[in-house]
Amino acid sequence: MKIATVEEMRAIDLNAIENLGIAAALLMENAGNATVALMRQHLGDCQGTFACIFIGPGANGGDGLVIGRRLAQMGCQPLFMMLADPEQLTGEAASNYVTIGKMGIPVWPMPAQRLADACDTLYRGNQSAGRRCYALIDAIFGVGLNRPPQGIFAEAIAWINRIRSDCGIPVVAVDCPSGLQLNTGRVTGPCVMADHTACFGFPQPGHVMAEGKELCGKLHVLDIGLTGKNGDEDNGAILLADDSLIKKIVAPLHRPANCHKGNHGHLLIVGGSPGKTGAALLAARGALRAGAGLISLAASHTLLPNYTAALPEAMTIPGTDTGEADLATILAACDGKSAMALGPGFGLGANQEELALRLYLEAPLPMVVDADAITLLAKHPDKLPEAEHPRIFTPHPGEMGRLLRCSASEVQRDRLAAVRRAQALLNQNRRQHVLLLKGAGTIIASPDEQLFINATGNAGMATGGMGDVLTGVIGSLIGQCLSLTKAAVVGAYLHGLAADMLLRQTGIGYLASEVADSLPAARRRLLPDYGYPVATD
């Protein structure tokens with residue numbers, strides 16, 4: 001699914017009105033009707049209930065007026081809590097305000113002082129009349145907000161969140177939770193916590209990443225007629241890597257009955273050091289669980305007995321802990337391998353730095369670059385564009401900050417911009433490298449500047465070893481005939497899906513190794529391997 005930036009969304013709206021001839025009033029009516037339909041689907045019948053609808057000063061408030069009018073026609077009492085002077089409403093919002101007046105539906109101008117008391121009075125009065133609150137509807141701010149809500153708007157947001165928390169009333173946000181910046185997913189002030197968010201036409205980046213991934217609750221992308229019959233849902237600078245997109249690109253992972261281990265790749269993992277042996281093991285476990293045919297671990301000879309005992313399925317390549325000898329050993333081991341994973345638990349010493357740089361520049365394999373390898377290579381920014389073979393960088397925000405010479409908080413402030421900057425750095429000589437920025441709404445950038453935002457994953461993944469498993473998964477998928485970009489996109493999706501399945505089973509507290517062990521079940525949901533039906537649970 002295409003993800004549209006705020007600027008692109010405005011252009012889509014304008015195109016619908018000016019070029020397709022769809023009246024703005026009809027689009028607002030469609031938005032309101034579609035939102036009410038999703039409410040009835042997820043919240044049930046509204047007959048005999050009341051709904052608190054917070055009306056902001058723009059078109060978002062107009063959508064809220066349509067929603068309230070339709071709810072009234074279905075037997076729900078709308079409480080229009082006006083946060084804007086009705087005299088200042090314009091266009092379709094003003095027209096809908098006139099309509100509800102003609103229908104005799106009362107509105108409640110909210111006072112600039114003691115707003116919470118006024119809201120409480122209305123809310124409790126309707127409860128006393130024997131009505132149940134159907135929903136709290138946030139129609140305050142829409143896609144264009146780029147500053148923290150203040151004054152009466154901030155007070156309204158605080159009241160909505162309090163009633164949701166204290167009384168368990170579901171919150172439905174129109175366009176987005178008010179306070180969320182949709183190009184970045186950032187929140188710089190008060191923000192509504194929604195249970196359901198209705199967005200129209202296409203999602204924006206902030207719906208599916210950073211704080212927005214949680215604040216939106218369940219995201220509903222509703223068709224209101226913004227595009228023609230060929231609405232280029234799969235064409236755009238940013239795509240949502242959801243179930244629909246992933247299923248279109250995983251066909252090479254299908255296994256015929258007469259396959260053997262040599263058909264499914266041989267991943268060479270270079271990592272592990274005293275105190276960090278688990279990282280390389282987790283990468284190997286992730287690779288095998290994602291379907292790799294063979295795995296070889298290259299590390300100090302002193303660590304190999306631990307590896308053999310912990311993961312007997314992996315082969316080992318002993319190192320000598322001397323730079324030049326290890327370089328020659330590993331380069332020789334590249335023969336017959338499908339990909340290399342460099343960095344999990346690699347270590348940060350001078351010998352490792354030289355070895356990481358030489359392997360990055362010279363290893364004749366596609367390479368997943370992660371963890372310590374990123375930290376070491378970030379010391380050599382002039383060398384990053386010089387690798388002869390394609391690489392996938394998989395930094396977390398801190399490692400991305402090292403690549404870009406900035407802080408992790410600066411990366412998080414605008415994740416998409418950070419990814420674009422890093423891609424420009426890596427691909428300035430030739431367009432061949434892929435970048436994956438981990439986090440809530442992992443972002444993948446292809447060499448040709450196509451961006452993907454991953455739809456899976458949850459907060460339980462914020463624990464040690466998760467990134468090591470992902471490194472193994474991606475390296476494994478390269479060996480199973482996926483391009484580097486597709487391996488990164490599918491790998492992130494499968495990794496997050498396995499974690500989502502665990503969250504439903506166990507809650508927060510699952511381990512990275514358990515995510516690795518859940519990968520076969522996650523894969524099976526996407527693509528049935530030979531002889532097994534698709535899982536339906």
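Structure shown above.
Residues numbered from 1 in each chain as written. Predicted model: local features only at pLDDT ≥ 70, side-chain atom pairs only at ≥ 80, totals over all residues. Heavy atoms only, no water.

The full count for this structure, using the stated rule, is five aromatic pairs. Geometrically, the ring pair formed by F54 and W159 is tilted, given 5.7 Å between the ring centres and 50° between the ring planes. Residue F54 is located in strand 1 (residues 49–55), and its partner W159 is located in helix 6 (residues 151–167); the two are separated by 105 residues in the primary sequence. By relative accessible area, which is 2% here, W159 ends up buried. Linked through ring pairs, F50, F54, Y123 and W159 together constitute an aromatic cluster. Over the ring of F202 we find K2, and its NZ or CZ is 5.3 Å from the ring centre. (Phe/Tyr/Trp six-rings, centres within 6.5 Å; stacked < 30°, edge-to-face > 60°. Helix = DSSP H or I, 4+ residues; strand = E, 2+ residues; numbered from the N terminus. Buried < 20%, exposed > 50% of the residue type's maximum accessible area, 1.4 Å probe, protein only. Lys NZ or Arg CZ within 6 Å of the ring centre and 35° of its normal.)

A separate point is the nonpolar core. The biggest cluster of nonpolar side chains holds 63 residues, and the ones touching the most others in it are I246 and V490. When residues of this core are assigned to their parent elements, the largest contribution, 13 residues, is made by helix 18 (residues 484–506). Those residues in contact with I246 that sit more than four places away from it in its chain are A241, V489, V490, Y493 and L526. Core analysis: the second largest hydrophobic core is formed by 52 residues, I3, L327, F393 and L451 among them. (Core = buried A, V, L, I, M, F, W, Y, C linked by side-chain atoms within 4.5 Å. Contact = heavy atoms within 4.5 Å.)

Another aspect to go through is the sheet that holds strand 17 (residues 434–437). The strand order across the open sheet formed by ten strands is 10-19-18-17-16-15-14-11-12-13, and the pairing between neighbours is mixed. Each of the sheet's edge strands pairs with one partner strand only, and the pair in question is strand 10 (238–241) and strand 13 (315–319). Taking the axes of each pair of neighbouring strands and ignoring which way they run, one obtains an average angle of 20° across the sheet. The pairing of strand 16 (residues 391–393) with strand 17 spans two bridges and is classified as parallel. Bridge pairing in strand 17 links I392 to V434. In the packing of helix 12 (residues 350–362) onto the sheet, contacts are made with strand 11 (266–270), strand 14 (339–342), strand 15 (367–369) and strand 16, and the angle to strand 16 comes to roughly 130°. (Pairing = 2+ DSSP bridges. Axes fitted to C-alpha atoms, helices over the stretch in contact; angles between N-to-C directions.)

Glancing now at helix 5 (residues 115–128). The terminal C-alpha atoms of helix 5 lie 20 Å apart, and with 14 residues this matches the ideal 20 Å at 1.5 Å per residue to within 8%. If you follow the buried residues of helix 5, they end up packed against strand 1, strand 2 (77–82), strand 3 (107–109), strand 4 (132–139) and helix 6. G130 lies just past helix 5 and shows a positive phi near 90°. (Expected span 1.5 Å × (residues − 1).)

Turning our eyes to something else, we now look at the sheet that holds strand 4. Pairing is parallel in the open sheet, where seven strands are placed in the order 3-2-1-4-5-8-9. Because the sheet does not close on itself, it has two edges, and the strands there are strand 3 and strand 9 (218–222). Here the strands of the sheet are splayed against their neighbours by 20° on average, with no regard to which way each runs.

Let's shift gears to the pairing of strand 12 (residues 294–300). In terms of residue burial, strand 12 counts as a mostly covered element, since six of its seven residues are buried. Pairing between strand 11 and strand 12: five bridges, direction parallel. In the strand pairing of strand 12, H266 is matched with L294. You can see the chain leave strand 11, run along helix 9 (residues 277–289) and come back into strand 12, and the turn it takes is right-handed. Inspection of the sheet shows strand 12 paired to strand 13 by five bridges, in the parallel sense. Directly across from S300, in strand 13, lies its bridge partner G319. Crossover connection from strand 12 via helix 10 (residues 304–310) to parallel strand 13: handedness right-handed. (Right-handed = clockwise from strand over helix to strand, strands pointing away.)

A few words now on the packing of helix 14 (residues 397–404) against helix 16 (residues 415–426). Remark: helix 14 packs on helix 16, axes separated minimally by 10 Å, with the N-to-C direction vectors making an angle of 50°. Considered as vectors, helix 14 and helix 16 are oriented oblique to each other. Relative to helix 16, helix 14 is oriented so that their crossing is left-handed. Where helix 14 approaches helix 16, its residues P397, M400, L403 and L404 are matched on the opposing element by R415, A418, V419, R421, A422 and L425. A class-by-class count of the residues in the contact of helix 14 with helix 16 yields eight nonpolar, no polar and two charged. (Parallel < 35°, antiparallel > 145°, perpendicular 65-115°, else oblique. Left-handed = near helix turned anticlockwise from the far one by under 90°. Nonpolar A, V, L, I, M, F, W, Y, C, P; charged D, E, K, R; others polar.)

Overall, the coordinates contain 14 salt bridges when judged by the stated rule. In this structure, the salt-bridge partner of K247 is D243, at a minimum N-O distance of 3.2 Å. Here the residue K247 and the residue D243 both occupy positions in helix 8 (residues 243–249), the gap between them amounting to four residues, near one helical turn. Judged by its relative accessible area of 43%, K247 is partly exposed. E449 is the salt-bridge partner of R431, the closest N and O atoms lying 3.4 Å from each other. Of this pair, R431 sits in the loop between helix 16 and strand 17 while E449 sits in the loop between strand 18 (443–445) and strand 19 (451–454), and the two are 18 residues apart along the sequence. On the accessibility criterion, R431 (57% relative accessible area) is exposed. (Salt bridge = Lys/Arg side-chain N within 4 Å of Asp/Glu carboxyl O.)

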